Amino acid sequence: MLYRMYNMWAERHGYKVKVMDYLDGDEAGIKSATIMIEGDNAYGFLKSEHGVHRLVRVSPFDAAGRRHTSFAAVEVMPEISDPGEIELREEDIKMDVFRSSGAGGQKVNKTSSAVRLTHIPTGIVVSSQVERSHFQNLENCRNMLRARLAEIKEREHLEKISDIKGVQMKIEWGSQIRSYVFMPYQLVKDLRTEYETGNIQNVMDGDLDGFINAFLSMKAGT
């Protein structure tokens, strides 16, 4: 649902979206996905979405119609224009090559060209399986890893990448930045800015500008 929401937000703003990695859930939904959104100020707007999101609804997979609470982590990273800004040492990287997979075999190539990189000092893992070429997927992974390290370095005000010790978000109750409640009432509320709306369907259809503007205004005032 969040994957669809961000794709629709990008479409509303005329941004280009490219799927970098996509992994189906074990039974339904998405286990993880990585998308690149290209356009003017895309990172500046979307950095407000970085954090844990909480969803409360009646699960369509529960025959008893019970209410379920789910959590999902959203990470937002800038594209690094100068690769020299972030040095990746070969001895710090573990590379795995695997066969691409996707829903119905339509999303990705089926050859063993997919790449997963693990940054050993921090435990950060990135993967790409959307390109037909192993080398293109490897370059995608390198770019994503640089972006992830740069974003953490900036957010934590660190002087050196070596100071990063595997910063991870806890996906659990009390750690969320925003809640999407479908029942017993309908409300989307951002816990950082207190901005909220009862029009949850509009939000799920990509209407995030109120939340983004409230976050940017809050940051501008600090």
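Here, every reference points to the structure presented above.
This write-up is about the structure you can find in this document. Bear in mind the structure is a predicted one, so any value in this text is a computation, not a measurement.

Comments concerning the overall build of the protein chain
- Check the secondary structure of the protein chain and you find 5 helices and 10 strands.
- Considering the protein chain as a whole, with its 222 residues, one finds that 38% of them fall into the buried category.
- For the protein chain, the accessible surface area stands at approximately 12,600 Å², while carbon and sulfur atoms represent 48% of it.

Looking at the layout of surface pockets
- There is about 350 Å³ of room inside the second largest pocket.
- The wall of the second largest pocket is formed by 12 residues, among which Lys47, Glu151, Arg155, Phe215 and Lys219 lie closest to the centre.
- Looking at the lining of the second largest pocket, the elements with two or more residues in it are helix H3 (134-155) and helix H5 (209-220).
- Residue composition of the lining of the second largest pocket, by class: 4 nonpolar, 2 polar and 6 charged.

So, the sheet that holds strand S6 (residues 114-119)
- Spatially, S5-S6-S7 is the arrangement adopted by the 3 strands of the open sheet, whose pairing is antiparallel. For this open sheet the edge positions go to strand S5 (93-98) and strand S7 (124-128), each flanked by a neighbour on one side alone. Shown here is a sheet whose adjacent strand axes are inclined to one another by a mean of 15 degrees, direction ignored.
- Alignment of S5 against S6, held across 6 bridges, turns out to be antiparallel. Residue Asp96 lies in a different strand from S6, and its bridge partner there is Arg116.

Comments concerning the pairing of strand S9 (residues 187-190)
- Residues Val188 and Asp190 of S9 are buried on one face, while the alternating residues Leu187 and Lys189, pointing to the opposite face, are not.
- Judged from the 4 bridges that link them, strand S8 (residues 176-181) and S9 form a sheet pairing that is antiparallel. When the sheet's bridge partners are listed, Val181 is paired in S9 with Leu187.
- Bridge count for S9 against strand S10 (residues 196-197) is 2 bridges, and the pairing is antiparallel. Each bridged residue has a counterpart across the sheet, and for Lys189 the counterpart in S10 is Glu196.
- Count of turn residues in the S9/S10 antiparallel hairpin: 5 residues, of which Glu194 carries a positive phi of about 70 degrees.

Rules used throughout
Residues numbered from 1 in each chain as written. Predicted model: local features only at pLDDT ≥ 70, side-chain atom pairs only at ≥ 80, totals over all residues. Heavy atoms only, no water. Helix = DSSP H or I, 4+ residues; strand = E, 2+ residues; numbered from the N terminus. Buried < 20%, exposed > 50% of the residue type's maximum accessible area, 1.4 Å probe, protein only. Areas by Shrake-Rupley, 256 points an atom, 1.4 Å probe, with all protein chains shown as cover. 1 Å grid on protein atoms, 1.4 Å probe; cavity = no way out; pocket = protein on both sides within 12 Å on 5 of 7 lines; lining within 4 Å. Points joined across faces, edges and corners; volume = space filled by probe spheres on them. Nonpolar A, V, L, I, M, F, W, Y, C, P; charged D, E, K, R; others polar. Pairing = 2+ DSSP bridges. Axes fitted to C-alpha atoms, helices over the stretch in contact; angles between N-to-C directions.

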